[in-house]
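# Coordinate inspection notes
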Amino acid sequence: MMTVYTTMDSPLGELLLVGEASTTGITLTSLAFPGQKNRLQVQPGWRRDDTAFTEVARQLTAYFVGELHEFEVDYASGGTPFQQQVWAALETIPYGTTVSYGQLAEKAGLARSAVRAVAAAIGANPLLILRPCHRVIGADGSLTGYAAGVERKQHLLAREGALQHI
C-alpha cells in the first residue's frame, strides 16, 4: 500500500487529507486541520495526489457552504475496538445537534461514568468533520475540547445552526 495525500483550503484553514492507495482505489485514513493535536505530518515516501480525494473535497466544500449535511465517503475505520465503538456512536449524531459526553457514552452502550475514556477516544478521532466529534459538548453546554481548537468547534457548530441549542 502507498500513502497518498493532498491539501485543500477550507474556511477554517488548510485541511490535510491522507489515505492509502490499493489496487481497488484510495481509502481515506485521516482528515486534519493545521495545528491539530495528533495531526499526521507528511512523511518522506508519501505521494501527493491532488486527484485522489476529488469526491471528498467536493463533499467538504458543499458542507462548508451549507449544501451538504451528511457525508458519503469511504474511509478506514482504524482505532481500537473501544475507539471504534465510540466513533460509531459519533456517527449517529445528526447535523445541527449536539450531545454531551455522557449522552454519547450511553449511545455507545457505555456507562455515563466512562466520559473520560469516551473523551480520550473522541480526541483520537482521525477524521474530523466526517466523524462529527465537534457535536459533543460538556454536560453544562460548554464547548469543551476539540483536537483542532475550540474556535473551530464553535465555527462548525454555528455553521450547522447547533449553537442555538447550547
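What this report covers is the structure whose coordinates are included nearby. (Residues numbered from 1 in each chain as written. Predicted model: local features only at pLDDT ≥ 70, side-chain atom pairs only at ≥ 80, totals over all residues. Heavy atoms only, no water.)

## A closer look at the side chain of Lys 153
As for its position among the elements, Lys 153 is in helix α5 (residues 150–159). Lacking a salt bridge, the buried Lys 153 has Asp 140 as its closest oppositely charged neighbour, with an N-O distance of 9.9 Å. Only 2.5 Å separates the side chain of Lys 153 from the backbone oxygen of Val 136, close enough to count as a polar contact. Apart from the residues within four sequence positions on either side, Lys 153 is in contact with Tyr 101, Cys 133, His 134, Val 136, Ile 137, Leu 143, Thr 144, Gly 145 and Tyr 146. (Helix = DSSP H or I, 4+ residues; strand = E, 2+ residues; numbered from the N terminus. Buried < 20%, exposed > 50% of the residue type's maximum accessible area, 1.4 Å probe, protein only. Lys, Arg positive; Asp, Glu negative; His and termini not counted. Salt bridge = Lys/Arg side-chain N within 4 Å of Asp/Glu carboxyl O. Polar contact = N/O pair within 3.5 Å; in protein donor to acceptor, adjacent residues only side chain to side chain. Contact = heavy atoms within 4.5 Å.)

## Thoughts on the nonpolar core
Counting residues in hydrophobic clusters, the biggest one holds 43 residues, and the most contacted among them are Leu 60, Leu 104, Ile 122 and Ile 129. When residues of this core are traced back to their parent elements, those giving at least two are β1 (2–8), β2 (15–22), β3 (25–32), α1 (54–64), α2 (81–90), α3 (101–107) and α4 (115–123). Examining the composition of this core, we find that five residues originate from one element, α1, more than from any other. (Core = buried A, V, L, I, M, F, W, Y, C linked by side-chain atoms within 4.5 Å.)

## Considering the packing of α2 against α4
Taken N-terminus to C-terminus, the directions of α2 and α4 make an angle of 80 degrees; their axes are 9 Å apart at the nearest point. With respect to α4, the element α2 is oriented roughly perpendicular. On α4, the residues touching Phe 82, Gln 83, Val 86, Trp 87 and Leu 90 of α2 are Ala 117, Val 118, Ala 121 and Ile 122. The residue makeup of the contact of α2 with α4, split by class, is eight nonpolar, one polar and no charged. (Axes fitted to C-alpha atoms, helices over the stretch in contact; angles between N-to-C directions. Parallel < 35°, antiparallel > 145°, perpendicular 65-115°, else oblique. Nonpolar A, V, L, I, M, F, W, Y, C, P; charged D, E, K, R; others polar.)

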